[in-house]
Structure formats: C-alpha cells, structure tokens
Amino acid sequence: MATITILNQEFPNVDFNDYEVSKAYEQAMSMLKAWESPANGSRTEEIKAYCELINRCLNVVLGEDAAERLFGGKLNLKLATEAMIQLVKAQRASDAEVNTMINEINREAQGNKNREQRRAEAQGKHKGKKGKKQRYQQPVLNLPMDEG
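Cut-offs used in this document
Residues numbered from 1 in each chain as written. Predicted model: local features only at pLDDT ≥ 70, side-chain atom pairs only at ≥ 80, totals over all residues. Heavy atoms only, no water. Helix = DSSP H or I, 4+ residues; strand = E, 2+ residues; numbered from the N terminus. Buried < 20%, exposed > 50% of the residue type's maximum accessible area, 1.4 Å probe, protein only. Contact = heavy atoms within 4.5 Å. Areas by Shrake-Rupley, 256 points an atom, 1.4 Å probe, with all protein chains shown as cover. Expected span 1.5 Å × (residues − 1). Axes fitted to C-alpha atoms, helices over the stretch in contact; angles between N-to-C directions. Parallel < 35°, antiparallel > 145°, perpendicular 65-115°, else oblique. Left-handed = near helix turned anticlockwise from the far one by under 90°. Nonpolar A, V, L, I, M, F, W, Y, C, P; charged D, E, K, R; others polar.

Caption draft 1: Structural context of the overall build of the chain. Looking only at helices and strands, the chain has five helices and two strands in total. Each helix (α) and strand (β) of the chain, taken in turn from the N terminus, gives the series β-β-α-α-α-α-α. By the burial criterion, 24% of the 148 residues in the chain qualify as buried. Considering only contacts within the chain whose residues lie at least 6 apart along the sequence, 55% involve residues at least 24 apart. In the structure as shown, the chain presents an accessible area of about 11,700 Å², 48% of it carried by carbon and sulfur atoms.

Here you go:
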C-alpha cells in the first residue's frame with residue numbers, strides 16, 4: 001500500500017488505485033464541487049464553512065482523524081487549502097504512474113510499433129516508397145462486351 005504525506009503528516013495505506021480509496025476521493029471531490037459559500041456570510045463564516053468542508057473531505061479520504069491530525073482543531077484557510085492541493089497532487093501522481101505502466105503494456109502488446117505504423121494498420125493503408133501514401137486503385141475488370 002502507498003503512503004502519502006500531507007502537511008508533513010504521513011498517511012499509510014492510501015492507495016488511489018484501490019477501489020475504496022478511489023471511491024472516497026471521488027466522493028470528496030463531489031463534496032467540494034457542491035459547496036456553496038454561505039449566503040450573506042462574513043469572511044469569517046466563509047473561512048469556517050470552507051475549512052469544515054475540507055476537514056470532511058480529508059476525513060473521507062484519509063480516515064476519520066485526518067483533519068484533527070493535520071490541523072489540531074484549528075480552522076486555517078491557507079493550511080486547509082494547502083492540504084487539499086497536496087491531496088490532489090498525490091492522486092494525480094498516482095494516476096500518472098499507473099498510466100505510464102498501462103502505456104508500457106500497450107506498447108508491448110502492439111509490438112513497439114510507432115504511431116504511423118499503428119495508424120496505417122488501423123486504416124488498412126500501406127506506405128509506398130519514400131513514405132508517400134499509395135493511392136488505392138480500383139482493379140480493372142476486362143469483361144467481354146456483348147456486341148449484339
């Protein structure tokens with residue numbers, strides 16, 4: 001299992017390629033997207049609401065005590081935002097790592113052909129001399145004509 005670090009705190013067993021962790025991450029991102037600033041709220045009310053939202057998101061992904069471990073009960077907008085940024089970067093890095101592995105598998109499965117070769121195969125077209133495309137020529141059928 002992977003370990004990620006958020007604000008110098010290590011969280012073991014957080015593997016974004018695991019179904020349950022990925023599902024929790026998606027849930028947290030949905031919570032962020034759905035958030036609305038308090039209507040007619042003051043700056044302090046907005047800070048409190050946003051920090052509490054981030055705390056819930058972090059707890060969903062990293063475990064119930066994650067926000068307490070990171071912030072010690074404080075509601076600091078900058079720290080909360082930095083924590084979310086680090087979480088998102090960790091998830092993106094995990095995706096990039098897996099995508100690299102998948103691409104390697106695909107290259108092996110395709111016999112290490114370059115893009116041009118794969119496209120030519122997919123389209124059923126082959127290149128002639130000097131890399132120029134050969135034009136498809138309709139076969140000519142020499143059928144006897146009825147002259148009568």
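Here the narrative resumes.
Caption draft 2: Expanded view of helix α2 (residues 43-62). Across its 20 residues, α2 extends 28 Å between first and last C-alpha, which sits within 8% of the 28 Å expected from 1.5 Å per residue. Of the residues making up α2, those classed as buried are Ile47, Ala49, Cys51, Leu53, Ile54, Asn55, Cys57, Leu58, Asn59, Val61 and Leu62. Elements that come into contact with the buried residues of α2 comprise β1 (4-6), β2 (9-11), α1 (19-34), α3 (66-71) and α4 (77-109).

Caption draft 3: Seen up close, the side chain of Ser94. Secondary-structure assignment places Ser94 in helix α4. With residues up to four places along the chain from it excluded, the contact list for Ser94 reads Phe16 and Asn17.

Caption draft 4: Layout of the packing of α1 against α2. Running from amino to carboxyl end, α1 crosses α2 at an angle of 170°, the nearest separation of the two axes being 8 Å. With respect to α2, the element α1 is oriented roughly antiparallel. Regarding α1 and α2, the two cross each other, and that crossing is right-handed. In contact with Ala24, Tyr25, Gln27, Ala28, Met31 and Leu32 of α1, α2 contributes Tyr50, Leu53, Ile54, Arg56, Cys57, Val60 and Val61. Residue classes in the contact of α1 with α2 are distributed as 11 nonpolar, one polar and one charged.

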